[in-house]
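Secondary and tertiary structure notes
Given next are the chains, with one letter for each unit.
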Amino acid sequence: MFTVSMLATTLFLGGWQGPGVSVFPWLGVVYFLLKVTFFLFLYIWLRGTLPRFRFDQLMNFGWKFLLPVAILNVILTATILFLRLR
């Protein structure tokens, strides 16, 4: 969980960047740890709140919803790119 939180902080929240880092460089470490703590809190909160799905429910969701949406996405993207290149 800690590794995922650090990766999410780096990718989505700007890592160590924040107000005042150029003046006080040690603030970068504080900002990074606060952002990681936020993601850890969010991760633990969601794991504790949402119900766990059974394997058959995940398979049904993947086959009946995610696969058709992915195919539709490929077709839509190909159509847009084809019409844009004309």
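See the structure above.
Residues numbered from 1 in each chain as written. Predicted model: local features only at pLDDT ≥ 70, side-chain atom pairs only at ≥ 80, totals over all residues. Heavy atoms only, no water.

The next thing to look at is the pattern of salt bridges. This model, assessed by the stated rule, comprises 1 salt bridge. In this structure, R54 engages D56 in a salt bridge whose closest nitrogen and oxygen atoms are separated by 3.1 Å. Judged by relative accessible area, D56 falls into the partly exposed class, the value being 37%. (Salt bridge = Lys/Arg side-chain N within 4 Å of Asp/Glu carboxyl O. Buried < 20%, exposed > 50% of the residue type's maximum accessible area, 1.4 Å probe, protein only.)

For the rest of this paragraph, the subject is the packing of aromatic side chains. Overall, the coordinates contain 4 aromatic pairs when judged by the stated rule. Arranged with centres 5.8 Å apart and planes meeting at 25°, the rings of F41 and W45 form a pair that is stacked. Of this pair, F41 and W45 are both found in helix α2 (residues 27-49), 4 residues apart, which corresponds to roughly one turn of the helix. (Phe/Tyr/Trp six-rings, centres within 6.5 Å; stacked < 30°, edge-to-face > 60°. Helix = DSSP H or I, 4+ residues; strand = E, 2+ residues; numbered from the N terminus.)

Further remarks concern α2. Its 23 residues place the ends of α2 33 Å apart at the C-alpha level, agreeing with the 33 Å of an ideal helix rising 1.5 Å per residue. Among the residues of α2, those classed as buried are L27, G28, K35, V36, F39 and L40. (Expected span 1.5 Å × (residues − 1).)

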